[in-house]
Amino acid sequence: MENNKNIQQDTDEAPAFFGSWKNLYLIVLVFHAFLITVFYFFAKYYS
Amino acid sequence: MLGTLSLIVAYGVYKTRNVDNVKSYLLGDKDLPWWTIGLSVMATQASAITFLSTPGKAYDDGLGFAQFYFGLPVAMVFLCIFVLPIYYRLNVFTAYEYLEGRFDLKTRTLTAILFLIQRGLAAGITIFAPGIILSNILGWDLNLTILFIGIVVIFYTVFGGTKAVSVTQKQQMIIILTGMVLAAIILVFKLPPDIQFSDAVSIAGKMGKLEVVDFEFDLSNRYNFWSGMIGGVFLFVSYFGTDQSQVQRYLSGKTLSESRLGLLFNGIIKVPMQFLVLFIGVLVFIFFQFIQPPIHFNKANLNKLENTVYETELAKLQQKHKETFELKQTSMRSLITAIDNKNQNEILAAKSNIDALMQQDSQIRADVKGLILQADDSAEVKDSDYVFITFVTQYLPIGMVGLLLAVIFSAAMSTTASELNALATTSVIDIYRRSIVTDKTDQHYLKASKWLTIFWGLLALGFALVASLFDNLIEAVNIIGSVFYGTILGIFMVAFFMKRVGGKAVFLAALLAELIVIAVFILDKMEIVSIAYLWLNLIGCILVMILAGIFEELFGKDKT
């Protein structure tokens, strides 16, 4: 049922950084895991 | 403050002076780079409530609220992989437009209506919440404060549409981030000369204010690692993937890549930013351990006791509050010495003294609240939303007060502008142009978009003018969202991942799931069950998916 007139040319291209989207997603997730770990040890250290 | 706000509005109006068709008005010119998208997405989510309520929350409960945002980066990655490519491929104006192609018109209309209900209510709160706090603290008339925020936002949103919203949000977010970083720095310098930053952090740690990650699985606990990572992912996928106020922000990106980078930028910055805002609340807590805090943070409530029979009782409580504060200060200094000497016994002794004094002070504050309620039984005595703004107005230099008030007004305006813009877009594209007036010119729909922006703006203003204060403002917005987002997300999840399910099954499933979520929410309020609100997102979404699967088996073969 997709309207063919509406279909825009797919402009999906590699990101400007880190080579591929997969790498970039991984960096975001690893950074987030790192942040949670830092929060955890920060709280533990000062408690 | 007025200068900063005027410049931002003038810039937005100037940049969008050539907007003259529906596409340009509702989608911008699709020319925004990733950093504008990222800042605009952040500004839409970060309402004034974020900067008023969140530090107050940390003042009371510590950093644990940061866990609410733990699911956000995961949600951003999910959306970049699965959702953005679909919206870009179909070149849609709204997220709900996609549902008609996938299911049918009634499912698209139902989802659009669910969005309009929840976002329409939230828009009122995002104007009202800062309005009531700012008017109480600054002594301004509440209705005039609400009208000031509302009319300015309606003006530039009606004038320039989506693009005006995005370009003003970029400036607003820069002001917000600068203001909050400066507030944190000044707070550190405002601590007494003999208290180092490291002492402040140590005290906060010993007082349990730095507990930012809680791994204990408890369904009734609002904020822990699991509710954030599971319930939070569902909430944020739903909010960023299906709420038109967010979808519209990244659909105005130059390309799919720019939109993806904008969302990932949000995924990286959001958690540290919330941590900073909460940490400011913890620093305010430490500050008020050495500088005597007011006995009650909502000045307007205390004014109610003046020249009444309760005045003498209040004076007695003020005296007790002062004495307790002085004793607590001595114990705080003993705690710092004990920490410096690494003497565990002394640390425990000082901490136990402080705990006892804190309890005593809590009782005094509770007694003041009791007096306020005796003087006015309709008064809202919860004062945590007033903590940060009290600190700003009473202890920061004049220029900084103006900057931080500009931060709060900017945040109120940026969120409200996105909401009005999205409400108008959904009303025009998914309801008016699709089902009511289907064959008019582009100019007609452009005019309709502007009139609907005014309509939603006035409705939000009306709601803001009659709304009463919720238990905690930021939670009120999130709770309203959680009641509807799960169902909306469930419809989209079925659309994306359950290819054999058709329109009739998903429509019935969504109706039933929404009723069940509302019932669970009511049962929780009546204390018959205990389920933290973040889980409602998960329940709504899973229910729609399971019920749609079952209904498809029962009614099947109706696929559109």
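Details of the structure are given in the entry above.
Residues numbered from 1 in each chain as written. Chains lettered and ligands numbered in written order. Predicted model: local features only at pLDDT ≥ 70, side-chain atom pairs only at ≥ 80, totals over all residues. Heavy atoms only, no water.

Student: Would you take a moment to explain the pattern of salt bridges for this structure?
Tutor: When charged atoms on two side chains of opposite charge get close, those side chains can pair. All names here are of chain B. Counting across every chain of the model gives 14 salt bridges over all chains. Here D104 makes a salt bridge to K106, at a shortest N to O gap of 2.8 Å. Residue classification places D104 among the buried residues on the basis of a relative accessible area of 11%. Residues E553 and R500 are paired through a salt bridge, measuring 3.1 Å at the closest nitrogen-oxygen approach. Placement of E553 in helix α21 (residues 534-555) and of R500 in the loop between α19 (473-497) and α20 (503-525) is noted, with a sequence separation of 53 residues between them. Residue classification places E553 among the exposed residues on the basis of a relative accessible area of 57%. Within the structure, one salt-bridge network assembled from shared partners comprises E100, R108, D430 and R434. (Salt bridge = Lys/Arg side-chain N within 4 Å of Asp/Glu carboxyl O. Buried < 20%, exposed > 50% of the residue type's maximum accessible area, 1.4 Å probe, protein only. Helix = DSSP H or I, 4+ residues; strand = E, 2+ residues; numbered from the N terminus.)

Student: Just checking my understanding: could you explain a nonpolar patch on the surface for this structure?
Tutor: Residue and element names in this part refer to chain B. There is a patch of nonpolar side chains on the surface, built from L508, L511, I542, I546, I550, L554 and F555 and spanning about 600 Å² of accessible area. Contributing elements (two or more residues each) for the nonpolar patch: α20 and α21. Counting residues per element, the nonpolar patch draws most heavily on α21, which supplies 5 residues. For I542, the position within the fold is in helix α21. The class of I542 is partly exposed, set by a relative accessible area of 35%. (Patch = residues over 30% accessible without salt bridge, like charges linked within 9 Å, V, L, I, M, F, W, Y side chains within 5 Å. Areas by Shrake-Rupley, 256 points an atom, 1.4 Å probe, with all protein chains shown as cover.)

Student: Can you walk me through the interface of chain B and chain A in this structure?
Tutor: How big an interface is tends to be stated in terms of the accessible area lost upon association of its parts. Across the boundary between the two partners, chain B contributes 37 residues, which contact 25 residues of chain A. At the boundary of chain B with chain A, total buried surface from both sides reaches about 3,100 Å², with 73% on carbon and sulfur atoms. Counting every contact that joins chain B to chain A gives 2 residue pairs in polar contact (both at pLDDT 80 or more). Secondary-structure elements contributing two or more residues to the side of chain B that touches chain A are α5 (72-90), α9 (197-206), α10 (225-242) and α12 (256-290) of chain B. When residues in the side of chain B that touches chain A are grouped by element, the largest group, 10 residues, is from α12(B). A class-by-class count of the residues in the side of chain B that touches chain A yields 25 nonpolar, 7 polar and 5 charged. (Contact = heavy atoms within 4.5 Å. Buried area = accessible area lost by both parts, 1.4 Å probe. Polar contact = N/O pair within 3.5 Å; in protein donor to acceptor, adjacent residues only side chain to side chain. Nonpolar A, V, L, I, M, F, W, Y, C, P; charged D, E, K, R; others polar.)

Student: How should I be thinking about α10(B) in this particular structure?
Tutor: Count 3.6 residues to each turn of an α-helix, and residues three or four apart come out pointing the same way. Residue and element names in this part refer to chain B. With 18 residues, α10 should cover 26 Å at 1.5 Å per step; its first-to-last C-alpha distance of 24 Å lies within 8% of that length. By the largest-angle criterion, G232 marks the main kink of α10, which is about 40°. When you tally the buried positions in α10, you get 14 out of 18 residues, the bulk of the element. For α10, the N-terminal capping position is held by N224, with its side-chain oxygen 3.1 Å away from the main-chain nitrogen of W226. (Expected span 1.5 Å × (residues − 1). Bend = angle between axes of the 7 residues up to and from the residue.)

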